[in-house]
Protein chains: 2
Amino acid sequence: METVSTNTAFGGVQGVYKHASKETGTQMTFSVFVPPHAEGAKLPVVWYLSGLTCTHANVTEKGEFRRACAELGLIFVAPDTSPRGEGVPDDAEGAYDFGLGAGFYVDATEEPFAKNYRMWSYVTEELPALVAAQFPADMARQSILGHSMGGHGALTIGLTYPDRYKAVSAFAPIVAPGIVPWGEKALPLYLGNDKAAWRRHDAVALIEDGARVDALLVDQGTADNFLEGQLKPKLLEQACKAAGIDLTLRMQEGYDHSYYFISSFMEDHLRWHAKRLG
Amino acid sequence: METVSTNTAFGGVQGVYKHASKETGTQMTFSVFVPPHAEGAKLPVVWYLSGLTCTHANVTEKGEFRRACAELGLIFVAPDTSPRGEGVPDDAEGAYDFGLGAGFYVDATEEPFAKNYRMWSYVTEELPALVAAQFPADMARQSILGHSMGGHGALTIGLTYPDRYKAVSAFAPIVAPGIVPWGEKALPLYLGNDKAAWRRHDAVALIEDGARVDALLVDQGTADNFLEGQLKPKLLEQACKAAGIDLTLRMQEGYDHSYYFISSFMEDHLRWHAKRLG
């Protein structure tokens, strides 16, 4: 692991790091905020998965999470959203919603993406092992949240590993990628045409198929351009109701899809996580 | 005035606006956060002046001021740092520390800068009139803060108009531009070689020459690369001590010159302002 930068912030250290990933076959960059803490202490780890087009940098610069993480004693990790670099295949037309910046947190099985696009294993296995080795992290206390495509990632990962992630929440998540345009484009290219494979990467389908968590927190802006066409939080609400999952879905009046929305409610999410992380 | 963008944030509205400035002869862009407030209420106005190379956008995205402004009921205005656009003269070699992005909050008297570089009048007269007309602003309650070159601007403006600005503070300000490289380059190009003109744009010289405010708050990182060569807060400390100005100078261990530093202490500054704004 190589340190790209460190900056003192809110009494802790905001770092950016890179490493050679075995999963993606590329250099991967990620950011970690370590709050002020007693020497030798091990701290809970909050994973934040970003949305389409983002890198680690968007939330690191605009997410306004450090104040609450410093107060609550939380490590905050922000991975990139896809492999990047020469030789990594991209969308055929360079579109923003597939390929670079748009890994959808799956392990691709289709060519030419299968070699590099292994974001599921990267985020759930390889990067946690690195974080455990390099930072004062208590890996028995992890939680996960994300935005948009990263909200999809957080929900699907949290639903798949409910014992590992003690809290799961999302800002404006894609809750049912299997039936909205973003997912209908990306999932066949990464996973092929067998829709059974898609269902393991679709929060609503996972719940319908029996996945369970105790509780979910979702914030969704009412002025979000993607609300009707891509996000469809009501589908998550219906699935949670049928499954007996305690979903708190907050429709936030006038908020859009931007970091102005995310930063406004970041502290609420971190407090919700901290309570469940003990 | 034209609206470039508005985003709901922390219950208020973060806007970006532009207008044709008579002072600079250019289009000028600025941002305004209006916190949630009762209809008809008039709110105090905090002016934030940015540093070298910045536009309104840096603090708007990274400053983490909205949460505290929403709580405290403060309007937060961030102007640009220079005129911009075709025909606006720049540094002869395109350097970062003079010309575009580096107006130093003076009204230039030297050619070819005198026509456009009128940031003092723009920030103290023209933009306040526009803000008063367009936003729910109580112009009897204004305060000012800034970072680096903008800390210089905040201190010199606050010291010049102590009745108008009820609170004055700075992050890592240039306190004595007349005797450090940034100012020794910029001041003669904007103001000519008469050092009497420079002293009106030098916080330490202004205090030596009799300018007074009740109190100042300054945060300065100890790991700031510019601390020794350009910023020299001890000169401000000496001047304030001699003048009987109640300066709170906080040397912040390990902090650098970045927005990671500014955002860490922004809330402290805003609370300090709010107390003085009533």
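Structure: see above.
In this text the structure is predicted, and so the values were computed from the model without any measurement. Counting starts from 1 at the beginning of each chain's written sequence and moves along it residue by residue. A letter from A marks each chain and a number from 1 marks each ligand, given out in the order of writing. At least 70 in pLDDT is required for a residue's local features to be given in this predicted model, at least 80 for side-chain atom pairs to be given and counted, and no such filter applies to totals for whole chains, interfaces and linings, which use all residues. Side-chain figures throughout are based on the complete set of non-hydrogen atoms in the structure, without hydrogens or water.

A.B. asks: So what about the overall build of chain A? Which residues, and what values?
C.D. replies: What chain A contains, in helices and strands, is 10 helices and nine strands. The C-alpha radius of gyration computed for chain A amounts to 17 Å, which stays within 12% of the reference 19 Å derived for 278 residues, consistent with globular compactness. Considering only C-alpha atoms, chain A reaches an extent of 50 × 45 × 35 Å along its principal axes. A buried classification covers 62% of the 278 residues belonging to chain A. In what follows, a contact means two residues having at least one pair of non-hydrogen atoms within 4.5 Å. Of the contacts formed within chain A by residues at least 6 apart in sequence, a portion of 72% connects residues at least 24 apart. Accessible surface computed for chain A: about 10300 Å², of which carbon and sulfur atoms make up 49%. Charge assignment: positive for Lys and Arg, negative for Asp and Glu; neither His nor the chain ends contribute. Charge positions come from single atoms, namely NZ of Lys, CZ of Arg, CG of Asp or CD of Glu. The centroid of the 24 positive side-chain charges in chain A is displaced by 5 Å from the centroid of its 34 negative side-chain charges. What counts as a helix is a DSSP run of H or I of at least four residues, what counts as a strand is a run of E of at least two, and both are numbered from the N terminus. Within these notes, the globule rule equals 2.2 Å times the number of residues to the 0.38 power, and the radius of gyration is based on C-alpha atoms. When a residue's accessible area, from a 1.4 Å probe over protein chains only, is under 20% of the maximum for its type it is buried; when over 50% it is exposed; and in between it is partly exposed. Residue-level accessible areas treat just the shown protein chains as cover; the underlying method is Shrake-Rupley with a 1.4 Å probe.

A.B. asks: Lay out the packing of aromatic side chains with the relevant residues and their values.
C.D. replies: To pair, rings of Phe, Tyr and Trp, with the six-membered ring standing in for Trp, must have centres within 6.5 Å; the planes then decide the type, stacked if under 30 degrees apart, edge-to-face if over 60, and tilted in the middle. The full count for this structure, using the stated rule, is 32 aromatic pairs over all chains. Relative to B:Phe135, the ring of B:Tyr17 lies with its centre 5.1 Å away and its plane at 70 degrees, an arrangement referred to as edge-to-face. Of this pair, B:Tyr17 sits in strand E2 (residues 12-20) while B:Phe135 sits in the loop between helix H3 (119-134) and strand E6 (137-147), and the two are 118 residues apart along the sequence. Ring-pair connections join several aromatic residues into one group, and the members of that group are A:Phe33, A:Tyr48, A:Phe65 and A:Phe76. The aromatic ring of A:Trp272 is capped on one face by A:Arg276, whose charged end is 3.8 Å from the ring centroid. Both a distance and an angle decide whether a charge sits over a ring: NZ of Lys or CZ of Arg must be within 6 Å of the ring centre and within 35 degrees of the ring normal. The cationic tip of B:Arg66 hangs over the ring face of B:Phe65; the distance from NZ or CZ to the ring centre is 4.9 Å.

A.B. asks: Explain the relation of the copies chain B and chain A residue by residue, including any values.
C.D. replies: There are two copies of the chain, and a rotation about an axis plus a shift along that axis relates them. The superposition of copies rests on a least-squares fit of C-alpha positions from residues with pLDDT of 70 or more in both. At an RMSD of 0.0 Å, chain B and chain A line up after a rotation of 180 degrees and a shift of 0.0 Å along the axis. With respect to symmetry, the two chain copies, as superposed, fit the operation of a two-fold axis. Identified as the residue of chain B closest to the rotation axis by C-alpha distance is B:Lys62, at 2.8 Å. The residues that chain B uses at the interface reappear at the interface of chain A in 100% of cases, marking a shared surface.

A.B. asks: Which residues make up the sheet that holds strand E5 (residues 75-78) of chain B, and what values go with them?
C.D. replies: In a beta sheet, neighbouring strands are held together by backbone hydrogen bonds and run either parallel or antiparallel to one another. A pair of strands is considered paired only if DSSP assigns at least 2 bridges between the two. One open sheet holds the nine strands; their spatial order is E1-E2-E3-E5-E4-E6-E7-E8-E9 (chain B), and the pairing between them is mixed. Single-partner strands in this sheet number two, and they are strand E1 (2-9) and strand E9 (246-252) of chain B. Taken over all neighbouring pairs, the strand axes of this sheet differ in orientation by 20 degrees on average, direction set aside. Where E1(B) meets E2(B), seven bridges bridge the pair, whose relative direction is antiparallel. Within E2(B), the residue paired with B:Asn7 across the bridge is B:Gln14. A fitted line through C-alpha atoms represents every axis, and for helices the fit uses only the stretch in contact; the resulting angles, taken between N-to-C directions, go from 0 to 180 degrees. Taken strand by strand, helix H10 (residues 259-277) of chain A contacts E1 and E2 of chain B, and its axis lies near 30 degrees from that of E1(B). Where helix H10 (residues 259-277) of chain B meets the sheet, it contacts strand E4 (43-49), E5, E6, strand E7 (165-171), strand E8 (215-221) and E9 of chain B, and its direction lies at approximately 165 degrees from that of E7(B).

A.B. asks: Before we move on, can you summarise the interface of chain B and chain A with the specific residues and values?
C.D. replies: Listed by partner, the interface residues are 22 residues for chain B and 22 residues for chain A. Throughout, the accessible surface (probe 1.4 Å) given up by two parts as they are put together, summed over both, is called the buried area. Carbon and sulfur atoms supply 45% of the area that chain B and chain A bury against each other, a total of about 2000 Å² over both sides. Interface area lost by chain B to chain A is led by B:Thr8, B:Glu64 and B:Tyr260, which between them contribute 34%. When a carboxyl oxygen of Asp or Glu lies within 4 Å of a side-chain nitrogen of Lys or Arg, that pair is called a salt bridge. The interface formed by chain B and chain A contains four salt bridges. B:Arg67 is paired through a salt bridge with A:Glu267; the nearest N and O atoms lie 2.8 Å apart. By the criterion applied in these results, polar contacts are pairs of N or O atoms within 3.5 Å in which, for protein atoms, one can donate a hydrogen and the other can accept it, and in which residues neighboring in sequence qualify only through two side-chain atoms. Where chain B packs against chain A, one counts 14 residue pairs in polar contact (both at pLDDT 80 or more). Listed by contribution, the elements that provide at least two residues to the side of chain B that touches chain A are E1, helix H1 (56-62), helix H2 (66-72) and H10 of chain B. The greatest single-element share of the side of chain B that touches chain A, amounting to five residues, is contributed by H10(B). Basically, the charged four are Asp, Glu, Lys and Arg, the nonpolar ten are Ala, Val, Leu, Ile, Met, Phe, Trp, Tyr, Cys and Pro, and anything else, Gly included, counts as polar. Split by residue class, the side of chain B that touches chain A holds five nonpolar, nine polar and eight charged.

A.B. asks: With reference to specific residues and values, describe the side chain of A:Ser82.
C.D. replies: Residues and elements named next belong to chain A. Note on placement: Ser82 falls in the loop between strand E5 (75-78) and helix H3 (119-134). There is a polar contact of 2.7 Å between the side chain of Ser82 and the backbone nitrogen of Gly101. Once residues lying within four places of it in the same chain are set aside, the contact partners of Ser82 are Met28, Gly99, Leu100, Gly101, Ala102, Gly103, Tyr117 and Met119.

A.B. asks: Before we move on, can you summarise the sheet that holds strand E7 (residues 165-171) of chain A with the specific residues and values?
C.D. replies: Residues and elements named next belong to chain A. Ordered in space as E1-E2-E3-E5-E4-E6-E7-E8-E9, the nine strands form an open sheet in which the pairing is mixed. The open sheet has two free edges, formed respectively by strand E1 (2-9) and strand E9 (246-252), since each of these has just one partner strand. The average angle at which neighbouring strand axes cross in this sheet is 20 degrees, direction not considered. Direction of pairing for strand E4 (residues 43-49) relative to strand E6 (residues 137-147): parallel, over a ladder of six bridges.

A.B. asks: Describe H3(B), listing the residues and the values that go with them.
C.D. replies: By definition, a residue's bend is the angle between the axes fitted to the seven residues ending there and the seven starting there. The sharpest bend along H3(B) reaches about 35 degrees and sits at B:Leu127, with the proline B:Pro128 one to four residues further on. For H3(B), the set of buried residues is B:Met119, B:Trp120, B:Ser121, B:Tyr122, B:Val123, B:Thr124, B:Glu126, B:Leu127, B:Pro128, B:Leu130 and B:Val131.

A.B. asks: An account of the pairing of E8(B) is needed here, citing residue identities and associated values.
C.D. replies: Residue and element names in this part refer to chain B. The buried fraction of E8 amounts to seven of the seven residues, a majority that puts the element mostly inside the structure. In the sheet, E7 pairs with E8 via three bridges, with the strands oriented parallel. Looking at the pairing, Phe171 lines up with Asp219 of E8. Both E8 and E9 contribute to a ladder of seven bridges, which runs parallel. Paired with Asp219 across the bridge in E9 is Arg250.

A.B. asks: An account of the environment of B:Glu2 is requested, with residue identities and associated values reported.
C.D. replies: All names here are of chain B. Among the secondary structure elements, Glu2 is positioned in strand E1. Classification of Glu2 by relative accessible area gives partly exposed; the value is 44%. For the pair Glu2 and Glu110, spaced 108 residues apart in sequence, the C-alpha to C-alpha distance is 31 Å.

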